[in-house]
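So you can see what is in the structure, the chains are spelled out below.
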Amino acid sequence: MIRKAKKEDCPRILELIQELARYERAPEEVTVTLAEMEDAGFGKHPVWEAFVAEIDGLIQGIALYYIRYSTWKGRRIYLEDLIVTEEMRGRGLGKLLFDSVLNETKSKGYCGMVWQVLDWNEPAINFYKKYQATFDAGWINVAINN
């Protein structure tokens, strides 16, 4: 079952984020707290939404996203993370989650959807190629951390 995330889902969502960080070889990079995640998604000024894939009452995948604004294109959805648990990969959950976010993009009239993928993550790259996604090698990620 694919549905919108609820505040009660945040502990499980955080578990999936930690699993993704281990897969991406950066488990120490997850520093967000459960309280921050709950407030950012369901507090007074929410900044993210998510779809969850639930099987037998357990969340096995998430697609977490937010709205970003492009000065060149207008409103777009930014897909922050698409995560399916390791044991459930290859069963179509990623497609259902991705399609849910894509449908949200279209139903709200946004001009598109953007996201990032690690250059070594061939399974993800091959998945996105099925959607005729374009890959932009001309940009470098930049961040400032506190």
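Since this is a predicted model, take the numbers as computed values, not measurements.

Asker: Can you tell me about the packing of helix 1 (residues 10-23) against helix 2 (residues 34-42), naming the residues and giving the values?
Answerer: What describes two packed helices is the angle between their axes and the distance between those same axes. Where helix 1 contacts helix 2, the two axes come as close as 10 Å, and the packing angle between them is 115°. When the axis of helix 1 is compared with that of helix 2, the two are roughly perpendicular. Taken as a pair, helix 1 and helix 2 cross one another with a handedness that is right-handed. The segment helix 1 lies against helix 2, with Cys10, Pro11, Ile13, Leu14 and Ile17 engaging Leu34, Met37, Glu38 and Phe42. Taken together, the residues of the contact of helix 1 with helix 2 break down into eight nonpolar, no polar and one charged.

Asker: Summarise the side chain of Asp9; cite the residues concerned and give the values.
Answerer: Within the fold, Asp9 resides in the loop between strand 1 (2-4) and helix 1. Separated by 2.7 Å, the side chain of Asp9 and the backbone nitrogen of Lys6 make a polar contact. In contact with Asp9, not counting residues within four places along its chain, are Arg3, Lys4, Val52 and Ile59.

Asker: Tell me about helix 1, and please be specific about residues and values.
Answerer: Look at helix 1: 20 Å from first C-alpha to last across 14 residues, which is about the 20 Å you get at 1.5 Å a residue. Buried residues of helix 1: Cys10, Arg12, Ile13, Leu14, Leu16, Ile17, Glu19, Leu20 and Ala21, and no others. Buried positions along helix 1 lie against helix 2, strand 2 (49-55), strand 3 (58-70) and strand 4 (74-84). Of the residues flanking the end of helix 1, it is Arg25, one or two places downstream, whose phi is positive at about 65°.

Asker: Explain the pattern of salt bridges to me, using residue names and the numbers behind them.
Answerer: According to the stated counting rule, one finds eight salt bridges in the structure shown. One network of salt bridges, in which partners are shared, links Lys4, Glu49, Glu104 and Lys108.

Rules and cut-offs
- Position labels on residues start from 1 in each chain and follow its written sequence.
- Only residues with pLDDT of at least 70 get local features here, since the model is predicted, and only at 80 or more are side-chain atom pairs given and counted; chain-wide, interface and lining totals rely on the full set of residues.
- The basis for every side-chain value is the complete set of heavy atoms in the structure, and neither hydrogens nor water enter the calculation.
- Axis lines are fitted through C-alpha atoms, for helices just across the contact stretch, and the angle between N-to-C directions can take any value from 0 to 180 degrees.
- Every helix listed is a DSSP run of H or I at least four residues long, and every strand listed is a run of E at least two residues long, numbered separately from the N terminus.
- Convention used here: angles under 35 degrees read as roughly parallel, angles over 145 as roughly antiparallel, angles from 65 to 115 as roughly perpendicular, and any remaining angle as oblique.
- Crossing handedness is read from the near helix: turned anticlockwise from the far helix by less than a right angle, it gives a left-handed crossing, and turned clockwise, a right-handed one.
- In what follows, a contact means two residues having at least one pair of non-hydrogen atoms within 4.5 Å.
- Charged residues are taken to be Asp, Glu, Lys and Arg, nonpolar residues to be Ala, Val, Leu, Ile, Met, Phe, Trp, Tyr, Cys and Pro, and polar residues to be all remaining types, Gly included.
- Whenever two N or O atoms come within 3.5 Å, that pair is a polar contact, provided that in protein one can donate a hydrogen and the other can accept it, and provided that, for residues adjacent in sequence, both atoms are side-chain atoms.
- To estimate the expected span of a helix, count its residues, drop one, and scale the result by 1.5 Å.
- Think of it in three bands: with a 1.4 Å probe and only protein chains considered, a residue is buried below 20% of the maximum accessible area for its type, exposed above 50%, and partly exposed in between.
- Here, a salt bridge means any side-chain nitrogen of Lys or Arg that lies within 4 Å of a carboxyl oxygen of Asp or Glu.

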